[in-house]
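Here's the letter readout for the chains.
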Amino acid sequence: MTDTDDLLRRVRLKANATTEQLPPPVTTEEVGQAESILGFHLPPVLVRLYREAANGGFGPDYQLFPLLGEGRTAVNVYREERSTAESDNDVTHWPADVLPVLDWGCGMLAAVDCRSPEGAVLLFEPNGIDDEWHHAWYVDSESLAGWLETWLSGTGWYEEDADEGGEMRPWETGRQRLSEGS
């Protein structure tokens, strides 16, 4: 068993223990459909998460978006965010190939950088940002696997008894990625 196999096994166990009824996992065809709509590939751990655990409905606080389906999905939210120009220079506030996976509320989103082989998890925190959107982006975890481990251990910044001393670091490539356009 690989580390990823063990991680996904533990994610499934916690998801089943903390969620009344999980949606079924997505199929290989649905992953292909999502990637076709998005125009980019998803990191392997993210694909396995949706394929082996469930099509969203579990995870920290407000739970992961479904990848595809009815209502608010990761694919739909990505398309909405990418289509909205938020600055005077028509520079989007949402970079290409960054898939939103969870809504924290108050406009904040968790997203996976799909250009990162490890699937870095970013925090989009737009509150108080007027025009320099790169200031709204932070690195929550260098990898999706690490982010899931944090959820499993109950040590995320979003936990009630989280250590308030740690601050997330800004996403250094945010400015460049936002200036790329589509």
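See above for the structure.
Residues numbered from 1 in each chain as written. Predicted model: local features only at pLDDT ≥ 70, side-chain atom pairs only at ≥ 80, totals over all residues. Heavy atoms only, no water.

Student: How do you make sense of the packing of aromatic side chains when you look at a structure like this?
Tutor: We describe a pair of aromatic rings using the distance from one ring centre to the other and the angle between the two ring planes. Under the defined criterion, the tally for this structure stands at ten aromatic pairs. Seen in terms of ring centroids, Trp137 and Trp171 are 5.7 Å apart; in terms of plane orientation they differ by 55°. Their pairing is tilted. Within this pair, whereas Trp137 is found in strand 4 (residues 137–141), its partner Trp171 is found in the loop between strand 5 (169–170) and helix 6 (174–179), the two being separated by 34 residues in sequence. One exposure class covers both Trp137 and Trp171, and it is buried. On the basis of an interplanar angle of 80° and a centroid distance of 5.6 Å, the ring pair of Trp157 and Tyr158 is categorised as edge-to-face. (Phe/Tyr/Trp six-rings, centres within 6.5 Å; stacked < 30°, edge-to-face > 60°. Helix = DSSP H or I, 4+ residues; strand = E, 2+ residues; numbered from the N terminus. Buried < 20%, exposed > 50% of the residue type's maximum accessible area, 1.4 Å probe, protein only.)

Student: Help me understand helix 1 (residues 3–18) in this model?
Tutor: What sets the pattern is the α-helix's 3.6 residues per turn: residues three or four places apart point alike. For helix 1, which comprises 16 residues, the first-to-last C-alpha distance of 22 Å matches the rise-based estimate of 22 Å (1.5 Å per residue) to within 8%. Among the residues of helix 1, those classed as buried are Leu7, Leu8, Val11 and Ala15. When helix 1 is viewed along its axis, its buried side chains cluster within an angular range of 95° and face the same direction. Projecting away from the buried face of helix 1 at angles above 90 degrees are the exposed residues Leu13, Asn16 and Ala17. Elements that come into contact with the buried residues of helix 1 comprise helix 3 (44–52) and helix 5 (144–153). (Expected span 1.5 Å × (residues − 1). Arc of directions from axis to C-beta. Contact = heavy atoms within 4.5 Å.)

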